[in-house]
There are 4 protein chains.
Amino acid sequence: MKRIGILTSGGDAPGMNAAVRAVTKTAIHHGLGVVGIRYGFAGLVAGDFVTLTAENIDHMINAGGTFLYSARYPEFAQKEVQEKGVEQLKKHDIDTVIVIGGDGSYHGALALTRLGINSIGLPGTIDNDIPYTEYTIGLDTACNTAMQAIDRIRDTASSHHRVFVVNVMGRDCGDIAMRVGLASGADAIVVPERQFDIKEIAERLKRGFKDGKDNGIIILAEGVMNAADFRTELLKYGDFDCRANIIGHMQRGGSPTVLDRINATKMGNYAVKLLLDGKGGLAVGMENGQLETHDILDLFDEKHASEESLIDINEEMTK
Amino acid sequence: MKRIGILTSGGDAPGMNAAVRAVTKTAIHHGLGVVGIRYGFAGLVAGDFVTLTAENIDHMINAGGTFLYSARYPEFAQKEVQEKGVEQLKKHDIDTVIVIGGDGSYHGALALTRLGINSIGLPGTIDNDIPYTEYTIGLDTACNTAMQAIDRIRDTASSHHRVFVVNVMGRDCGDIAMRVGLASGADAIVVPERQFDIKEIAERLKRGFKDGKDNGIIILAEGVMNAADFRTELLKYGDFDCRANIIGHMQRGGSPTVLDRINATKMGNYAVKLLLDGKGGLAVGMENGQLETHDILDLFDEKHASEESLIDINEEMTK
Amino acid sequence: MKRIGILTSGGDAPGMNAAVRAVTKTAIHHGLGVVGIRYGFAGLVAGDFVTLTAENIDHMINAGGTFLYSARYPEFAQKEVQEKGVEQLKKHDIDTVIVIGGDGSYHGALALTRLGINSIGLPGTIDNDIPYTEYTIGLDTACNTAMQAIDRIRDTASSHHRVFVVNVMGRDCGDIAMRVGLASGADAIVVPERQFDIKEIAERLKRGFKDGKDNGIIILAEGVMNAADFRTELLKYGDFDCRANIIGHMQRGGSPTVLDRINATKMGNYAVKLLLDGKGGLAVGMENGQLETHDILDLFDEKHASEESLIDINEEMTK
Amino acid sequence: MKRIGILTSGGDAPGMNAAVRAVTKTAIHHGLGVVGIRYGFAGLVAGDFVTLTAENIDHMINAGGTFLYSARYPEFAQKEVQEKGVEQLKKHDIDTVIVIGGDGSYHGALALTRLGINSIGLPGTIDNDIPYTEYTIGLDTACNTAMQAIDRIRDTASSHHRVFVVNVMGRDCGDIAMRVGLASGADAIVVPERQFDIKEIAERLKRGFKDGKDNGIIILAEGVMNAADFRTELLKYGDFDCRANIIGHMQRGGSPTVLDRINATKMGNYAVKLLLDGKGGLAVGMENGQLETHDILDLFDEKHASEESLIDINEEMTK
């Protein structure tokens, strides 16, 4: 084993750069070289490579986004495109690869492994929607960003005795909404994993105002419904002042939190060790706070298990 | 002069609480009492009053929103409603009033003055759309909140070589957009005060990517156009990856910045002194960094003058 | 069981208010009353009680510090003082107590339980120095606050090719230093749990500058040594520009992070359920990400186990 | 006029990079080249130059510190060293220079102008201690950083009914202390410009606690006294719980605020235009919110005039 190639794929997430830094520093410690592959699998096939050193990635621990860039590249599903990628890697003496991204990008890591390039997948996405892991790199930063935005929104909600319906990210997975909702003291959290009763939510809000609350906050995963549509529905059951708000893409960016930097660093460090052990085709995850691995193949049939007890606690406190 | 009544009106703005605190502390220093009037002019007429002391407003300097609450109350345009308000004030020994809000709320201050209650208006709105003042309480916080959101958005824009069209607040006044745009290094700033050429902007963005830029940011005052519509128009002239984003209500809330706290404090302090001097019917403003006053009556025919040179500088640096 | 008394004790920590809020909202849901005891055990004995309602604690989820106040009160070690406290509780129909604080304050919870008032201890301290728990309420916020300060310090370190020795909190426990150090990309992390070689650290820093690094950061738990003294020692082995810095008390305050708010909420919710189950004399902790309990008595002989692998990873990446 | 050289000198300040970016973008617009001179005047003499383009400085608007680095270089006071610098500039076709730094660094700008290289000084220091300007680049960010730290400290002060004596930066100039003190609602602001009565301050604090305040904050410019020494003095006149805290070097770093980015951008833009007009030997400043210039020579005999009215307002509100 001589050189590790590293790429980021899918949507960017805070902590990706910290993971790249950890891979680089750990690899150098073990006498290995590290090559940054720019623009994900597209750059792998195009040979868009840049040598990483302990010094040029030194400032990356607190940078948001991914300095290696990311790009969509569905073409990598094709065998001949994958083989072209392997050729590029071999030409540059790269014999192992670490892929940071969503589970979609793990397909590429598995394909490379099957073609003789041991590859490891690290969970890099704010959405926490990857099976067999309770945590993905970027989740904590995204949640804190959304929560801080909602703290601001609550100021104006309270000033005007107003309800806000707030869309946070999450297509099929309500994890951001659950965390942000509980942390924001939301009156209701609406996620894809659970049914909801919009009339009951309206009653809850009315009861709150009647009991002396001066604001109402509903956290709504964007995969369930658009905030504006939810507002329209809600106003059928109550005549309070109500606004819709979308937190939007700011949730993706920003300097990572302590937790995201630490976990990204642990995972990057761990991935290098797996490669040194001759492992490949594995996805790194976290279970009960501990790092572990699963065969990438096992992930494709599975669905991420959300910590739904957060919803239960919130319901207990708001009903 | 015995007691000052103070109320907040219109949309809430960070720094309103700091202004209320300054009024209270200054008034107490001069041997005067201070009464908080809750829910704006509605509370004035309803007699929703709360005594303010140096201690119970002590923690308010860094609180967002308005703890005195705000409310719409168009009924205060009617003479008989105003007289009911004056009655309430007299019943509670309140002989002067300070109103913090937009220029709409200054009408109320003028009406009270004409009915014998000397009243002063302080510019409290994030929008900076009040004539004869270059600054309104809350502007700096709102701009910093929006800019920090855009810093995050730029992370993800850069990671994907993407353009973002971002709506910031500002119906008729582009001041937030101008400040945030220049401070964010935007490729284009689009405001109500200036015509814009969407094709030229698309060309500018394409030229940027060609020259090696990895992102594009357009700051768009929401009074001009919705970000989604602008995006649709823009994509007629370029085929770059482009997303629309609305910063939204979070711009209104949050703990105020140094500048907003200092200016709110100066203005609150100044307003008490104007009342002590027997003045009324005046609006406090800022011109060339100095506090000054204008007759409220003079404001109604005037339009706020934006610092359009910010646009000129931005154009010079992006074309 | 009728009413729960709740108090905060020891140094304040961000998330204490969120825990009080969770206790209150959960208790109300189960038909119980909640009484806030001000100034810790001193207030318990003095009968300084305030009724908590779902509405008056609603805004507390994001407030730093403890609105119930905290106070030193060594007198509570005396049996007759404890009995006076129990008398006060009985007089106010309070039959159970939740104590949020460090393990010192758990003594009081145990004493109350032995006198017939079932009491539960929640780990509330930024220091993470309580046995049988990997997490204490406030830890994550304190770490993020320190890390953000160090991000700022690194800017000026880099601008001047300078080394900073930075004291973070932690008397006997290096957990804050370990987390902040790894998350800050520190060149060295110095904690009470590990021996250190100041000459080796100096060599490491010199090697860094020689290899192209433009700054050096050493994170030093304050229990090990004062930053200024460490600097003096360090300069014996190198002639780089070096400054000492103490992050200080700001680490204790501020609005809590998502993780601290969620964990505080989970723990407050859980403590009420333990009391409903007739439990007392227990300390709530977290192990492998799951809530669990230990007899308070068991804690006194034990020492907190730090996640020392963070140090190992950092050493691997910096040597 | 062909190429502008730009350097940063003295202590780094947030917004320096934004100013460099503005100079670069404006110069390019006017068909000029821009050369970054690294490590201040030391790099000028050593010829440590790097070409700046619109793209490589694009991301610099929000970066703290100075990416051009800064360094002490007292040797530049010598005529022959200055001439060596001019030689280097001429060799690289640089015929004008912009210096961003404190008034110490303006000596160098004046020397270069006298040797035929028109040079302009921009006020870049957090300390606001330059004559003939009410504002220096970095001031607003430093004040906001300090104020946010103090907001956190107030949380813990309130939780324990404690007084904090907090050192903020400022050797001979109390501007940071005045702004931060007023914005933090400090009980006392102690600056080099004013005498203070430590006994009277102790009385004020005691009166505050007696009247129901739950904390005390004293903002102390570090040029006056060390916080620990002040605390010792203060405790001679009162027996309250009191701690000393130093905000320290974090005040220098961090991403600049809206105000610092806008002013840095305006000043960078303006400096290029002054050079285009054939001007040299001038320092750019701000007076009543407007950009203006002074002969550098005039500055050396002058002292910066602080906005001492901030102190008066604070005294009025705290006594």
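Residues numbered from 1 in each chain as written. Chains lettered and ligands numbered in written order. Predicted model: local features only at pLDDT ≥ 70, side-chain atom pairs only at ≥ 80, totals over all residues. Heavy atoms only, no water.

Participant: Looking at this structure, I do not really get the UniProt feature "active site" (unreviewed entry) in chain A. What am I missing?
Facilitator: Residue and element names in this part refer to chain A. The feature "active site" (unreviewed entry), as given by UniProt, occupies Asp127 in the numbering adopted here. Tracing the backbone through its elements, the reader meets aspartate 127 in the loop between strand E5 (118-123) and helix H5 (139-160). Here aspartate 127 is in contact with Thr136, Met169, Gly170, Cys173, Asp175, Ile176 and Arg252, once residues within four sequence places are set aside. (UniProt positions renumbered as here; feature names shortened; annotations may be inferred. Helix = DSSP H or I, 4+ residues; strand = E, 2+ residues; numbered from the N terminus. Contact = heavy atoms within 4.5 Å.)

Participant: Quick question: what am I supposed to make of the interface of chain C and chain D here?
Facilitator: Think of interface size as the accessible area that goes away when the parts come together; that is how it is often given. Facing the 33 residues of chain C at the interface are 33 residues of chain D. For the pair chain C and chain D, the summed buried area comes to about 2400 Å², and 50% of that belongs to carbon and sulfur atoms. It is C:Arg152, C:His249 and C:Met250 in chain C that bury the most area against chain D; as a group they hold 28% of the surface buried on that side. Between the two partners, chain C and chain D, sit zero salt bridges. Our enumeration of links across chain C and chain D arrives at 22 residue pairs in polar contact (both at pLDDT 80 or more). Listed by contribution, the elements that provide at least two residues to the side of chain C that touches chain D are helix H5 (139-160) and strand E9 (242-246) of chain C. Counting residues per element, the side of chain C that touches chain D draws most heavily on H5(C), at ten residues. In terms of residue class, the side of chain C that touches chain D is made up of eight nonpolar, 18 polar and seven charged. (Buried area = accessible area lost by both parts, 1.4 Å probe. Salt bridge = Lys/Arg side-chain N within 4 Å of Asp/Glu carboxyl O. Polar contact = N/O pair within 3.5 Å; in protein donor to acceptor, adjacent residues only side chain to side chain. Nonpolar A, V, L, I, M, F, W, Y, C, P; charged D, E, K, R; others polar.)

Participant: Which parts of the structure should I look at to understand the packing of aromatic side chains?
Facilitator: The geometry of two aromatic rings is summed up by the distance between their centres and the angle between their planes. Going through the model one piece at a time under the given rule, you end up with twelve aromatic pairs over all chains. Ring geometry for B:Phe196 and B:Phe230: centres 5.9 Å apart, planes at 35°, overall tilted. Residue B:Phe196 is located in the loop between strand E7 (188-190) and helix H7 (198-211), and its partner B:Phe230 is located in helix H8 (residues 227-234); the two are separated by 34 residues in the primary sequence. Classification of B:Phe196 by relative accessible area gives partly exposed; the value is 33%. According to the relative accessible area criterion, B:Phe230 is buried, its value standing at 0%. Centre to centre, the rings of D:Tyr39 and D:Tyr69 are 5.0 Å apart; their planes meet at 15°, and the pair counts as stacked. Of this pair, D:Tyr39 sits in the loop between strand E2 (33-37) and helix H2 (40-46) while D:Tyr69 is found in the loop between strand E3 (49-52) and helix H3 (79-91), placing the two residues 30 residues apart along the sequence. With relative accessibility at 13%, the residue D:Tyr69 sits in the buried group. (Phe/Tyr/Trp six-rings, centres within 6.5 Å; stacked < 30°, edge-to-face > 60°. Buried < 20%, exposed > 50% of the residue type's maximum accessible area, 1.4 Å probe, protein only.)

Participant: Explain the interface of chain B and chain D to me, please; I cannot follow it from the model alone.
Facilitator: Contacts between the two partners involve 47 residues from chain B, matched on the other side by 47 residues from chain D. When the two sides are added together, the surface that chain B and chain D hide from each other amounts to roughly 4000 Å², 55% of it contributed by carbon and sulfur. Of all residues in chain B, the largest losses of buried area upon contact with chain D belong to B:Val258, B:Glu316 and B:Met317, amounting jointly to 18% of the total for that side. Taken together, the links from chain B to chain D amount to eight salt bridges. Here D:Lys273 ties to B:Glu316 by a salt bridge, and the two come within 2.8 Å at their closest N and O atoms.

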